[in-house]
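Coordinates in review
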Amino acid sequence: RSPTASLAAAGAALVLLVGPARMRRICRALLRGLAWRDPRRFLDACRFDFESKISRTGTHAVKTDVALLTAKYGPGGADALPMWVADMDLPVAPAIVQAIRKRAAHPLYGYTLQPPSMWAHVQEWLRVRHRWPVSADALVFASSTVGAAANCVRAFTKSGEAVVVLTPLYPPLRHLVTAEGRVLVELRLSPRAADGQWELDVPALRLELEPAHVTMLILCNPHNPSGRVWTPAELDSLVAAAAETGVTIVADEIHADLTMPPHQFTPCARVAAERRAVGKPSARVLTLCSPSKAFNLAGLGSTFVVTPGAAERAAYVRECDHAHGTFGGVFQTEALQASYAHGGAWLDAALRQIASNIEQLQRTLKASAPELLAVSPDAGYLVWINCSALGLSAAQLESWWVHEAKVLPSLGLEFADDREAEQFVRLNVAVPPATLHLALSRIVGALVRLRASPPNATAAPVRKVVAFAPTLPSGREVAAAAAAAPDAADKMAPPGPEAQAKQAKPVEQEEAQVPTLKAEEEAEETRTTFKRFQGALFARFSGELNGATVELEGLRECTVLLLDWTSQVTIDKCVGCTFVLGPVSGSVFLRDSSGCTLSAPCRQLRTRGCEACDLFVHTLGPVVETSAGIRFERYNVSYPGQAAHFKRAGLDVAKNNWAEVYDFNKGDISIGAGKEHWSLLPPAAFARLEVQFEAGMLGTSRLNAGAPENATLALLPADHAAAPARVLTVEPPVQSKFAERQPIGKRLIEGKWELIYDEEEMTAKPS
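All values reported here derive from a predicted model rather than from experimental measurement. The numbering scheme is per chain: residues are counted from 1 as the chain's sequence reads. Local features are withheld for residues below a pLDDT of 70 in this predicted model, meaning they are given only at 70 or higher, and side-chain atom pairs are given and counted only at 80 or more; totals for whole chains, interfaces and linings count all residues. The basis for every side-chain value is the complete set of non-hydrogen atoms in the structure, without hydrogens or water.

Points about the environment of P583
- Strands here are runs of E lasting at least two residues and helices are runs of H or I lasting at least four, both read from the DSSP assignment and numbered beginning at the N terminus. Residue position: P583 is located in the loop between β22 (578–581) and β23 (584–591).
- When a residue's accessible area, from a 1.4 Å probe over protein chains only, is under 20% of the maximum for its type it is buried; when over 50% it is exposed; and in between it is partly exposed. Accessibility expressed as a relative area gives 0% for P583, which makes it buried.
- Each C-alpha atom, one on P583 and one on C602, is 5.8 Å from the other, the two residues being 19 residues apart in sequence.
- We call two residues in contact when some of their heavy atoms are within 4.5 Å. In this structure P583 touches D564, W565, T566, P601, Y639, Q642, H645, F646, A649 and L651, once residues within four positions along its chain are discounted.

Details of the packing of helix α8 (residues 145–156) against helix α13 (residues 310–320)
- Between N-to-C directions, angles span 0 to 180 degrees; the directions come from axes that are lines fitted to C-alpha atoms, helices contributing only their stretch in contact. Running from N to C, α8 and α13 cross one another at 110 degrees; their axes reach a closest spacing of 9 Å. Classified by the angle between their axes, α8 and α13 sit roughly perpendicular to one another. Here A148, N151, C152, R154, A155 and F156 of α8 come into contact with α13, specifically with E312, A315, Y316, E319 and C320.
- Classification convention: Asp, Glu, Lys, Arg as charged; Ala, Val, Leu, Ile, Met, Phe, Trp, Tyr, Cys, Pro as nonpolar; all other residues, Gly among them, as polar. Here the contact of α8 with α13 is composed, by residue class, of seven nonpolar, one polar and three charged. Each angle receives one of four descriptions, namely roughly parallel if under 35 degrees, roughly antiparallel if over 145, roughly perpendicular if within 65 to 115, and oblique otherwise.

As for the pairing of strand β15 (residues 424–428)
- For β15, the buried fraction is high: five of the five residues fall into the buried class.
- Residues F424, R426 and N428 point to one face of β15 and V425 and L427 to the other, with burial holding for every one of them.
- Any two strands between which DSSP finds at least two bridges are classified as paired. The pairing of strand β14 (residues 410–411) with β15 spans two bridges and is classified as antiparallel. Following the sheet pairing, L411 is matched in β15 by V425.

A closer look at unusual backbone geometry
- That bond from N221 to P222 is cis: its omega, 0 degrees, falls within 30 degrees of zero.
- Note on placement: P222 falls in the loop between β7 (214–220) and α11 (232–245).
- For the bond running from P261 to P262, omega is 10 degrees, close enough to zero to count as cis.
- Within the fold, P262 resides in the loop between β8 (248–252) and α12 (268–277).
- The residue R131 is not glycine, and still its phi comes out positive at about 50 degrees.
- Within the secondary structure layout, R131 lies in the loop between α7 (116–130) and β2 (139–142).
- One non-glycine residue, K406, adopts positive backbone phi at about 55 degrees.
- Residue placement: K406 occurs in the loop between α16 (394–405) and β13 (407–408).

Some thoughts on the sheet that holds strand β11 (residues 373–375)
- Within the open sheet, the four strands sit side by side as β11-β12-β15-β14. Their pairing is antiparallel. The sheet terminates laterally at β11 and β14, the two strands that pair on one side only.
- Judged from the five bridges that link them, strand β12 (residues 382–386) and β15 form a sheet pairing that is antiparallel. Pairing of L382 across the sheet is with N428, part of β15.
- Contacts from helix α15 (residues 344–368) reach β11, β12 and β15, with the element oriented near 160 degrees to β11.

Some thoughts on the environment of R313
- On the secondary structure map, R313 appears in helix α13.
- R313 sits 176 residues away from D137 along the chain, and the two C-alpha atoms are 8.4 Å apart.
- The residues contacting R313, other than those within four sequence positions of it, are D137, A138, L139, V140 and T307.
- A polar contact is formed between the side chain of R313 and the backbone oxygen of L139, at a distance of 2.7 Å. Here a polar contact means two N or O atoms within 3.5 Å. Within protein one must be a hydrogen donor candidate and the other an acceptor candidate, and residues neighboring in sequence count only if both atoms are side-chain atoms.

Topic: the sheet that holds strand β3 (residues 162–167)
- The strand order across the open sheet built from seven strands is β2-β10-β9-β8-β7-β3-β4, with neighbouring strands paired in mixed fashion. Strands with a single pairing partner mark the edges of an open sheet, and in this sheet they are β2 and β4 (183–188). Along the sheet, successive strands turn relative to each other by an average axial angle of 25 degrees, direction set aside.
- Each of β7, β8 and β9 (285–289) is contacted by α12, which is oriented at about 150 degrees to β9, the strand it contacts most.

Let's talk about the pattern of salt bridges
- Note on definitions: salt bridges are taken to be side-chain nitrogens of Lys or Arg within 4 Å of carboxyl oxygens of Asp or Glu. Per the stated rule, a full pass over the model turns up 32 salt bridges.
- Here R129 and D348 are joined by a salt bridge, their closest N and O atoms 3.2 Å apart. Taken together, the positions of R129 in helix α7 and D348 in helix α15 put the pair 219 residues apart, joining distant regions of the chain.
- The exposure class assigned to R129 is partly exposed, which follows from its relative accessible area of 30%.
- For R154, the salt bridge goes to E180, with nearest N and O atoms at 3.0 Å. Within this pair, whereas R154 is found in helix α8, its partner E180 is found in the loop between α9 (171–179) and β4, the two being separated by 26 residues in sequence.
- The class for R154 is partly exposed, based on a relative accessible area of 28%.
- Each of R56, K63, D87 and D89 takes part in salt bridges that share partners, so that together they form one network.

A few points about the nonpolar core
- Only buried residues count toward a nonpolar core. Its members are Ala, Val, Leu, Ile, Met, Phe, Trp, Tyr and Cys residues joined through side-chain atoms within 4.5 Å. Residues I249, F304, L372, W400 and W401 are the most contacted members of the largest nonpolar core, which totals 103 residues.
- Broken down by element, this core gets its largest block of residues, nine residues, from α15.
- Counting residues in hydrophobic clusters, the runner-up holds 34 residues, among them V569, C577, A600 and C602.

Description of the pairing of strand β20 (residues 559–562)
- Along β20, one buried face is formed by T559 and L561 and the opposite face, lined by V560 and L562, is buried too.
- Strand direction decides the pairing type here: strand β18 (residues 537–540) and β20, joined by four bridges, are parallel. Paired with L537 across the bridge in β20 is T559.
- Two elements, β20 and β22, share four bridges in a ladder whose sense is parallel. If you follow T559 over to β22, its bridge partner there is T578.

Thoughts on the state of the cysteines
- Note on terminology: disulfide denotes any pair of cysteine sulfur atoms within 2.5 Å. This model, assessed by the stated rule, comprises zero disulfides.
- Distance from the sulfur of C320, which forms no disulfide, to the nearest cysteine sulfur (C152) is 8.4 Å.
- With a relative accessible area of 4%, C320 lands in the buried category.
- Unpaired in this structure, C613 has its nearest cysteine sulfur neighbour in C596, at a distance of 4.8 Å.
- Relative accessible area serves as the criterion here: at 0%, C613 is assigned to the buried category.

Quick word on α13
- Buried within α13 are the following residues: E312, A315, Y316 and C320. Seen from one end, α13 has its buried residues packed into an arc of 115 degrees, which puts them on one side. Facing away from the buried surface of α13 by more than 90 degrees, the exposed residues are A310, A311 and R318.
- Looking at the buried side of α13, the elements it contacts are β2, α8 and β10 (303–306). What the arc measures is the spread of directions leading from the helix axis to the C-beta atoms.

Note that every value here comes from positions in space, so none of it alone points to a role or purpose.
Okay, structure coming up:
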């Protein structure tokens, strides 16, 4: 055999051996360089699929239910990317799936005991993972973590007594206290100055525990929503304070298995047992554990309670055994056992993927959205984000996330009722990398638009305030929302074949459709083409376009940065977009678009069939045709290397007739229903935009590293030049797949076709 045939045969055998899906993952990992950059994650990609997007259509998922999202977030909620409720969009460990399938193959699903073998796996997991020896007699099954917490409140406190919680806190743990007839006492955690993560004020907690009517503390360890893992020293002080005041501790530790290295999780009950072993005063601690968060089993309801002694176990069981609250179903049992028996390798791989997602989130926000300060969790996939620098009210902030960013987080007011919490959101990043990329593109794009048009600006649209819902809507609320929006109720019905085919599309394609285009057309991105996307951010840097022609079509609420010189740019059928262009040697055509903002230096600019667009231009003379509500101002953008691009594009910096607009349909009142075809923006509306590149990312001359520059700055009036700049920080790729020279045409020279790479070469070579 030839070497080629042998290689092909080996490749075919490998595909048959590992399967085509796994082979695709391996190839993608090799192309990303994981094999040598991060060998562990390369092996993870070979074993587990954390990249595929899985549709939840037909699964009755809380996370994506149309009527529920409409009731919770208002109109537009069902159209946004759901990253709120705490379950993962990553597929469950194969070992768990196999265990459930094996049991499901048996046709009898009768009452089921939780066998000693299951509890043995639980004990081994706690011993190995958390250095916590637990006896089998201490373990009691529960079908719900919140239900188990409510059982503890009823079993170990009396009506009218007080329960202390540390806020901000997972909402159901706060609400169940008052629902059970107890008094809720909230102690507000304070953020550390260094990283914004919460710290425990033990003296303040001690004061809250002292009153005689305070009999319980509900502790979230790790903390939800911040992901804070309490240290052994903090837990020791907390247990000592509870022991001195006679307070029982209920520790919700269902996020414990998601602790990220180098952090180490410490069970609160282990600290209490260690104090007791050396003769120190110790508190009574009941612990709630579950594989639901770590193994993505929230819909199965597998929880267990670890009791500190026989008396506490008896008191707990006495409270809920009569309601069958201490035994589980068929698949709860199988899933719990498989998680702790066979899920360790999958969990370690999932943690590495989640850590990578958190790192990507932090990197993007620091580079392109520094107004959003994300607190990296010590444990878990829930990121607590401070949005106060946006300068929005609570209602405006909710509306911005839902309607502008089109990403659904959990809102801060759900976790604490105070003015500080209203400026935070909680974002779930346990999603495939492509979903995270889409969410970050939307967030950054919405932030660019917010900087350009802050809420108090004259031209800013008035947004409808979406009512705040503190928890999941009730069944009545969901039904009312469905009745108020019949189309939402229709979406809840079983979809037909055509609807199922549409719903099965990847999220970027499904959500990127623009109403003016056919639904079956897919989104498209190449080096020079961007079509049919919604809420995305695109950027091209110096050397990536190099005089090419760029096409933008069917974009909706996108942000496009072309920080290179081009020969022509066409913009068609776009709505609510922001376009920031470098010098264009030819024309910019804006057609059949509305609500867009464009900044562009070009030889000629022409609009046709457009409405309500703001254009910041440097041009020989704009032309307006069959358009209304078009407003003009001087070019307002600075970015590194812009002067060199002006030179390459052949534009004369001194020639700018931006205000000499030719109206092709002057006097025709039928266009725009009597609105002005065009006008000049008031001077107060002028704002400079300064694009900066992320420090440390500029190692190549291709990017023209340096300070942002506006080649037309000398032409600006003094008040314009002195106007404060809105800064946009972007992170160019270290290596760009578009950076190499790209052909823009070809010529027949002496009987041979030769590629042409730039405009200078085009004019220099004979035809």
